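# Structural overview
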Protein chains: 2
Amino acid sequence: MVSKSEVKSKCPQRWKCVVAYDGTTFQGWQSQEGGNTIQDLIEKQLAKIAGQKIRIEGSGRTDSGVHALAQVFHFDAVWPHGAEKLRIALQTGLPRSIRLKAMRRATRKFHARFDAKGKIYRYEIYLGEADPFIAAYCWSLRRELDWAAMKEAAKVLRGKQDFWAFSGENDRTYETTVRDLRRLDLVRRGRKVSFTFEADGFLYKMVRSLTGALVNVGLGKLTPAQVAELIKTRRRIPGVVTAPPQGLFMVRVIY
Amino acid sequence: MVSKSEVKSKCPQRWKCVVAYDGTTFQGWQSQEGGNTIQDLIEKQLAKIAGQKIRIEGSGRTDSGVHALAQVFHFDAVWPHGAEKLRIALQTGLPRSIRLKAMRRATRKFHARFDAKGKIYRYEIYLGEADPFIAAYCWSLRRELDWAAMKEAAKVLRGKQDFWAFSGENDRTYETTVRDLRRLDLVRRGRKVSFTFEADGFLYKMVRSLTGALVNVGLGKLTPAQVAELIKTRRRIPGVVTAPPQGLFMVRVIY
C-alpha cells in the first residue's frame with residue numbers, strides 16, 4: 001500500500017515563483033546561448049536541486065539591462081519539503097542580483113504567461129547627471145521636458161488601440177497589435193520622472209518605444225497630434241526612439 | 001614680455017573636486033598595487049589629460065565596498081580652460097560608478113585632508129531580505145531591533161570621548177583616539193533604518209564598529225551600560241562587530 005501523501009510527494013507539482021532582478025549584468029530574461037540570462041541561472045540552480053533539467057516558464061521576456069520588481073514564472077518539480085524551503089534552496093547559489101520573493105504551490109492549470117491578465121511596467125527618468133547609485137536604474141536626460149505636451153500625448157496614447165507604430169521593428173509576428181493601455185501615469189518629483197504603464201499585454205519594446213516618443217514630445221521633436229497620427233497610420237517614424245533598457249522595470253503581472 | 005594671464009596659464013593651480021562613487025566593485029579609495037581603487041582610476045585619467053603623473057589627495061580613505069555621496073580631493077595641475085571643462089575632461093574615461101559632481105579652483109593652501117573640520121557618514125540597514133536594487137547599499141538584517149535600547153546606547157555614544165574600543169584593530173597609530181561625535185541620529189522608515197554620524201574626525205572603521213555595536217544592542221547581545229563601559233575601559237570586545245562595508249556612505253566633508 002502506498003499512502004496518499006507518499007504519492008503526492010513523488011508526483012511533480014506546479015510551482016509559482018515571484019522574482020526580482022537587477023538586469024544590469026544579464027542578457028535579459030530568456031534562455032540563450034552563453035547562458036548569462038536570468039532564466040538560465042535559475043534553471044541551472046533548479047537542475048542542481050532536482051537532479052534533472054527543468055524548464056521554467058516566465059510571464060514574458062525582459063530585454064538585456066531591463067529590471068524586474070516582480071516577474072513571475074512557473075515550473076513543475078517533485079519537492080516534498082514545502083514552498084518556503086524550495087524558495088530558499090533555489091535562492092542559494094543565485095547571485096544577489098536575483099532574488100526570489102515568493103514561492104507558492106499553484107494549480108496544475110496555472111500558466112505564468114497564458115494566465116496573465118495584464119502587466120504593469122515603470123520607466124524611470126532622471127533630469128540631470130544621475131549619481132552612480134541610480135545611473136543603472138534610469139535614463140539620464142540633460143534637458144528639461146515640456147510637461148504639458150507630454151500629458152497631452154499621454155492622453156492620446158491611453159486606451160484600446162493599435163500600437164503597431166510603438167513595437168520593436170524585428171518582431172512583428174503578433175496576431176494583433178491592438179492592446180488596451182489601461183493606465184499611463186506621468187509623475188514628477190524633483191528631478192525624478194516616472195511613467196507607469198498598465199495594459200492587458202505589451203508588444204515587443206512597446207514600453208521603451210512609448211517612453212521614447214513621450215520624451216521626444218517633451219523635447220519638442222514630436223507633437224501630440226503626430227502621436228495620434230502614428231496610432232492611426234501604424235507607421236513607425238524616427239521620432240519614436242527606443243528608450244534605453246536600464247530605466248525600465250517590470251513592476252507586476254496581473255492574474 | 002609675458003603677460004600675467006600667460007604666466008597664470010602655465011603655473012599649476014590647486015583644484016578641489018567633489019566625487020560620488022559606488023564602492024561595490026572597487027578596492028576602496030586609496031591607491032594600491034593592482035590599481036582597482038577610486039584614487040587610481042582618477043589619477044590614471046588625470047595623467048592622460050595632464051601628460052604626467054599627478055597625485056590626488058583625498059579627505060580620507062574609504063574601505064573596499066564603501067560608497068561616497070561627496071568625497072573631496074585636491075590636486076595641482078596646469079589647466080587654462082576653466083573648472084567645468086576640467087571636470088568634464090576628467091569625467092570622460094571614468095566608469096559610471098564614479099561621478100565628479102563639482103570642480104572648483106582652490107587657494108594654494110587648501111588641503112582636502114588637513115582642512116577638514118568634520119565629516120558626516122551614514123549607515124543604511126534594511127530589516128528583511130533586501131531587493132537586488134538596494135542589496136549593494138545596505139546591511140540586510142533578518143531580525144527586529146530593540147529601538148529603545150539602541151536610542152539609549154546612542155545617547156551614551158554621543159559627545160567628545162575616547163573611541164579606542166570602536167576603532168579598527170590593525171591601525172592604532174593615532175596620536176589620540178578621542179573624537180567628538182557631534183551627532184548620532186537613528187531614523188527608521190518602514191523597514192529602512194539609517195544611522196547618521198557627524199564628528200570632527202573618525203578612527204579607522206569607527207562608523208562600522210559603532211554600527212555593529214548599536215545593532216548588537218538592538219539584538220539584545222549588548223546593553224547600553226556595557227557600551228558606556230567600553231568607552232571607559234578602551235577595550236574592544238566581540239560585541240563590537242564591524243558592520244559590512246556596503247551599508248556605509250561618506251555623506252559630506254565639512255571645511
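Residues numbered from 1 in each chain as written. Chains lettered and ligands numbered in written order. Predicted model: local features only at pLDDT ≥ 70, side-chain atom pairs only at ≥ 80, totals over all residues. Heavy atoms only, no water.

## Remarks on the domain arrangement of chain A
Residues and elements named next belong to chain A. Filter applied, for reference: Where each domain begins and ends is defined by an automated method or by a domain database. Residues are treated as being in contact if the distance between any of their heavy atoms lies within 4.5 Å. Values labelled buried area give the accessible surface lost by two parts on being combined, using a 1.4 Å probe and summing over both. Whenever Lys or Arg places a side-chain nitrogen within 4 Å of a carboxyl oxygen from Asp or Glu, that contact is recorded as a salt bridge. Here a polar contact is taken to be a pair of N or O atoms separated by no more than 3.5 Å, where protein atoms must pair a possible hydrogen donor with a possible acceptor and residues adjacent in sequence count only if both atoms sit in side chains.
As far as domains go, chain A holds domain 1 (11–106) and domain 2 (118–254). Spacing between the C-alpha centres of domain 1 and domain 2 amounts to 28 Å. At the junction of the two partners, domain 1 supplies 16 residues and domain 2 supplies 16 residues. Summed over both sides, the interface between domain 1 and domain 2 buries roughly 1200 Å², with carbon and sulfur atoms accounting for 56% of that surface. Summed over the three residues of domain 1 that lose the most area to domain 2, namely Asp63, His67 and Leu69, the buried surface amounts to 42% of that side. Here Arg208 makes a salt bridge to Asp63, at a shortest N to O gap of 3.2 Å. Between the two partners, domain 1 and domain 2, sit 9 residue pairs in polar contact (both at pLDDT 80 or more).

## Describing unusual backbone geometry
Phi is mostly negative for residues that are not glycine, and the peptide bonds are mostly trans. What counts, and what does not: By the criteria applied, helices consist of DSSP H or I runs no shorter than four residues and strands consist of E runs no shorter than two, each listed in order from the N terminus.
One non-glycine residue with positive phi stands out, namely Lys205 of chain A, at about 60°. With respect to the secondary-structure elements, Lys205 of chain A resides in the loop between strand E9 (192–199) and helix H5 (206–218).

## Overview of the relation of the copies chain B and chain A
To keep things clear, this is the line we draw: Residues reaching a pLDDT of at least 70 in both copies supply the C-alpha atoms on which the copies are superposed by least squares.
Of the transformation placing chain B onto chain A, the axial shift is 0.0 Å and the rotation is 180°, giving an RMSD of 0.0 Å. Such a turn and shift between the copies fits a two-fold axis. Residue Phe133 of chain B of chain B places its C-alpha closer to the rotation axis than any other residue of that unit, at 4.7 Å. A shared interface surface links the copies, since 100% of the contact residues of chain B are contact residues in chain A too.

## A word on the environment of Leu222 of chain A
Residue and element names in this part refer to chain A. Summarising the element assignment, Leu222 is placed in the loop between H5 and helix H6 (224–233). When the C-alpha atoms of Leu222 and Gly239 are compared, they prove to be 6.3 Å apart, with 17 residues separating the residues in sequence. Not counting the four nearest positions on each side in its chain, Leu222 is found in contact with Ala213, Asn216, Val217, Val227, Ile237 and Gly239.

## Comments concerning helix H4 (residues 147–157) of chain B
Residues and elements named next belong to chain B. To be explicit about the condition: Note on exposure labels: buried denotes an accessible area under 20% of the residue type's maximum, exposed denotes more than 50%, and partly exposed covers the range between, all computed with a 1.4 Å probe on protein chains only. The arc in question is traced by the directions running from the helix axis to the C-beta atoms.
Buried within H4 we find Ala149, Met150, Ala153, Ala154 and Leu157. Taken end-on, H4 shows its buried residues confined to a sector of 140°, consistent with a single buried face. Every exposed residue of H4 that faces more than 90 degrees away from the buried side is listed here: Ala148 and Lys155. Buried residues in H4 make contact with strand E7 (159–162), strand E8 (178–189), strand E9 (192–199), helix H5 (206–218) and helix H6 (224–233).

## What to know about the interface of chain B and chain A
Contacts between the two partners involve 23 residues from chain B and, on the opposite side, 23 residues from chain A. Both faces considered, chain B and chain A share a buried interface measuring about 1700 Å² in area, 54% of it formed by carbon and sulfur atoms. On the chain B side of the contact with chain A, Arg96, Pro132 and Phe133 of chain B bury the most area, a combined 40% of that side's loss. Here chain B is connected to chain A by 8 salt bridges. Remark: the boundary between chain B and chain A carries 10 residue pairs in polar contact (both at pLDDT 80 or more). Mapped by element, the contributors of at least two residues to the side of chain B that touches chain A are strand E1 (13–21), strand E3 (67–77) and strand E4 (98–106) of chain B.

## Re the pairing of E9 of chain B
Residues and elements named next belong to chain B. Let me state the cut-off plainly: The pairing criterion for strands is at least two bridges between them, as found by DSSP.
Extensive coverage of E9 is indicated by the burial of 7 of its 8 residues. One ladder, built from 8 bridges, connects strand E5 (residues 118–127) with E9; its direction is antiparallel. Counterpart to Arg122 in the pairing with E9 is Thr196. In the sheet, E8 pairs with E9 via 8 bridges, with the strands oriented antiparallel. Counterpart to Arg189 in the pairing with E9 is Lys192.

## Describing the packing of H4 of chain B against H6 of chain B
All names here are of chain B. Just so we agree on the cut-off: All axes are obtained by fitting lines to C-alpha atoms, using only the stretch in contact for helices, and the reported angles, taken between N-to-C directions, cover 0 to 180 degrees. Any angle that is under 35 degrees is reported as roughly parallel, and any over 145 degrees as roughly antiparallel; angles of 65 to 115 degrees are reported as roughly perpendicular and all others as oblique. Whether a crossing is left-handed or right-handed is set by the direction in which the near helix is turned from the far one by less than a right angle, anticlockwise for left-handed and clockwise for right-handed. All amino acids are sorted into three groups, where Ala, Val, Leu, Ile, Met, Phe, Trp, Tyr, Cys and Pro are nonpolar, Asp, Glu, Lys and Arg are charged, and the leftover types, Gly among them, are polar.
Two elements in contact, H4 and H6, have axes separated by 8 Å at closest approach and are oriented at 20°. Comparing the axis directions of H4 and H6 gives the class roughly parallel. Helix-helix and strand crossings are classified by hand; for H4 and H6 the assignment is right-handed. Here Ala149, Glu152, Ala153, Val156 and Leu157 of H4 come into contact with H6, specifically with Pro224, Val227, Ala228 and Ile231. Of the residues contributing to the contact of H4 with H6, the split by class is 8 nonpolar, no polar and 1 charged.

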